[in-house]
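An overview of the molecular structure
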Amino acid sequence: MKPVPHATSLRRAPVQRRSAERLTRILDACADLLDEVGYDDLSTRAVALRAGVPIGSVYRFFGNKRQMADALAQRNLERFTEQVTERLKSAGDGGWRSAMDAVLDEYLAMKRTAPGFSLVDFGNQIPVGARNSEPNHRVADRLTDLLSGYLDREPDDDLRRTFLIAVETADTLVHLAFRVAPEGDEKIIEEARELLRAYLARVLD
């Protein structure tokens, strides 16, 4: 599986366990504060206070709050991949339909429960409303590498394009569902699920 690089915003990767734990506390604090005060009112000083670390510890890893948000988005992608992998282990040999449900269900779970996720997602939400293609390309590449073996397919350009289209479609419709209802409008989510099934059936069956 092709590794996704560490967030380029990280000034220095933690080496010792204590340093890694401190970085985790900083990102946890960043996520909680994003939900509480939003991105505009987020500050590195507030993150340091919430995490219980000196401000210098924050600057050891990050030059500014945007770099923190980028690193949080990267961590979200790592956790998303881990959770999808676990779901697939328990799904058995359900083919691409089970895989698609695992991917979409885990994305919805993170939207509903992961602190800060509604703002940073996998990296396409800050500044609020800003959308660029890079995070979705990263997610599609990760899913291609993760699912190609499960689906017994070559991770070639055609499969990457298929997953990129699916990711872009799901991203747009899930964001719509959560704009309509705080927990995600179930009817829109089901329409998104059916649309994805119809598209993937044409390509993967």
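Residues numbered from 1 in each chain as written. Predicted model: local features only at pLDDT ≥ 70, side-chain atom pairs only at ≥ 80, totals over all residues. Heavy atoms only, no water.

So, about empty space enclosed by the protein. What the rule picks out here adds up to 2 cavities of 30 Å³ or more. Here the largest cavity is characterised by a volume of approximately 320 Å³. In terms of lining residues, the largest cavity is bounded by 24 residues, among which V103, L143, A166, V167 and A170 are the most central. Of all the secondary structure elements, the ones that give two or more residues to the lining of the largest cavity are α5 (95-113), α7 (134-151), α8 (157-180) and α9 (186-204). A per-class count over the lining of the largest cavity returns 20 nonpolar, 2 polar and 2 charged. (1 Å grid on protein atoms, 1.4 Å probe; cavity = no way out; pocket = protein on both sides within 12 Å on 5 of 7 lines; lining within 4 Å. Points joined across faces, edges and corners; volume = space filled by probe spheres on them. Helix = DSSP H or I, 4+ residues; strand = E, 2+ residues; numbered from the N terminus. Nonpolar A, V, L, I, M, F, W, Y, C, P; charged D, E, K, R; others polar.)

Averaged over all residues, the pLDDT of the chain equals 87, while 87% of them reach at least 70. Mean pLDDT across the elements of the chain bottoms out in α7 (89) and peaks in helix α2 (residues 44-51) (96). Within the model, the stretch residues 1-7 combines pLDDT values under 50 with 15 contacts to residues more than four positions away or in other chains. (pLDDT = per-residue confidence, 0-100. Contact = heavy atoms within 4.5 Å.)

Grouped together as the largest cluster of nonpolar side chains are 37 residues, with contacts concentrated most on F80, F122, V139, L143, L147 and L200. Only α4 (65-91), α5, α7, α8 and α9 provide two or more residues apiece to this core. Those residues in contact with F122 that sit more than four places away from it in its chain are A73, N76, L77, F80, Y107, F117, P135, R138 and V139. Formed by 23 residues, the second largest nonpolar core is a distinct cluster that contains L42, F62, L119 and V120. (Core = buried A, V, L, I, M, F, W, Y, C linked by side-chain atoms within 4.5 Å. Buried < 20%, exposed > 50% of the residue type's maximum accessible area, 1.4 Å probe, protein only.)

In this fold, S148 is placed in helix α7. Residues within four places of S148 in sequence aside, it is in contact with L143, R153, E154, P155 and L159.

This paragraph deals with α5. With 19 residues, α5 should cover 27 Å at 1.5 Å per step; its first-to-last C-alpha distance of 27 Å lies within 8% of that length. For α5, the complete set of buried residues consists of W96, A99, M100, D101, A102, V103, L104, E106, Y107, L108, M110 and K111. (Expected span 1.5 Å × (residues − 1).)

When you line up the elements, S98 lands in helix α5. Take S98: its relative accessible area is 23%, and that puts it in the partly exposed class. Note: C-alpha distance between S98 and L88 (10 residues apart in sequence) is 7.8 Å. If we skip the residues at most four places from it in the chain, S98 touches A91 and Y150.

Take the pattern of salt bridges next. All told, the structure shown has 18 salt bridges when counted by the stated rule. Between R50 and E36 there is a salt bridge, with the nearest N and O atoms lying 2.8 Å from each other. Of this pair, R50 sits in helix α2 while E36 sits in helix α1 (residues 17-37), placing them 14 residues apart in sequence. A salt bridge links R138 to E134; the shortest N-O distance between them is 3.5 Å. Pair noted here: R138 and E134 are both in helix α7, with a separation of 4 residues, about one helical turn. Looking at E134, the relative accessible area reads 54%, which means it is exposed. Three or more residues are tied together by salt bridges with common partners; here these are D101, D105, E190, R193, E194 and R197. (Salt bridge = Lys/Arg side-chain N within 4 Å of Asp/Glu carboxyl O.)

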